[in-house]
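Spelled out from the first residue to the last, the chains are:
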Amino acid sequence: GGAGEAVGAAAVGLLAGAALWRARQRRQFGPFGGALVFVPFETAAGDAVVAVDCAKEGLTSITHHRCSGRKQKAGGLVGDSSTELVLDAIAANHQALRGKRLVTCNHFDIDAFLSVAALALQPATRERQRALLAE
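Residues numbered from 1 in each chain as written. Predicted model: local features only at pLDDT ≥ 70, side-chain atom pairs only at ≥ 80, totals over all residues. Heavy atoms only, no water.

Chemist: Explain the confidence of the model for the protein chain to me, using residue names and the numbers behind them.
Modeler: Residues with a pLDDT of 70 or more make up 69% of the protein chain, whose mean pLDDT is 78. In the predicted structure, residues 25-32 sits below a pLDDT of 50 and forms 15 contacts with residues beyond four places in sequence or in another chain. In the model, residues 68-72 has pLDDT below 50 throughout and makes 9 contacts with residues more than four positions away in sequence or in other chains. (pLDDT = per-residue confidence, 0-100. Contact = heavy atoms within 4.5 Å.)

Structure below.
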């Protein structure tokens, strides 16, 4: 706990924000090194898209939210936040992410942002920052 974790979490946020800003400047959010590409929620459709921290009909969802009266956690994933569920799915090479090239979300609170960032960051960067992303 304490100031060290707060500084670390702020550093992860800045790092993820800078990576996403640079990607946005290039008009892409991936697909370098296994990272997924972000697409706007309104246009997200198809089998290649995963929705995080939310749900959309027709898309695979990884979220801690209750949607349509039932938990939308992909089977077997463990975590209290959507970010933890996404990190668990990545670590397990979970079926919810197989064949996915795109990620979407309908809002951007901290859990949504970090869930998207966990999939949009290069895998080596994500693994170095895994503990902070899950905080």
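Chemist: Go over the pattern of salt bridges, please, and point to the residues and values.
Modeler: Should the charged atoms of two oppositely charged side chains come close, the side chains can pair. For the structure shown, the criterion picks out 1 salt bridge. Its salt-bridge partner being Glu127, residue Arg126 comes within 3.9 Å of it at the nearest N-O pair. (Salt bridge = Lys/Arg side-chain N within 4 Å of Asp/Glu carboxyl O.)

Chemist: Residue-level account of the packing of aromatic side chains, with values.
Modeler: This structure, assessed with the given rule, holds 1 aromatic pair. A cation over an aromatic ring shows up here: Lys56 above the ring of Phe41, its NZ or CZ 4.9 Å from the ring centre. (Phe/Tyr/Trp six-rings, centres within 6.5 Å; stacked < 30°, edge-to-face > 60°. Lys NZ or Arg CZ within 6 Å of the ring centre and 35° of its normal.)

Chemist: Outline the sheet that holds strand β6 (residues 102-104), supporting the account with residue identities and numerical values.
Modeler: Strand order in the open sheet formed by 4 strands is β1-β6-β2-β3, and the pairing between neighbours is parallel. Edge positions in the sheet fall to β1 (37-38) and β3 (60-62), since each has one partner strand and no second. Pairing geometry for strand β2 (residues 49-52) and β6, over 3 bridges, is parallel. Following the sheet pairing, Ala51 is matched in β6 by Thr104. Across the face of the sheet, helix α3 (residues 110-120) comes into contact with β1, β2 and β6 while running at roughly 145° to β2. (Pairing = 2+ DSSP bridges. Helix = DSSP H or I, 4+ residues; strand = E, 2+ residues; numbered from the N terminus. Axes fitted to C-alpha atoms, helices over the stretch in contact; angles between N-to-C directions.)

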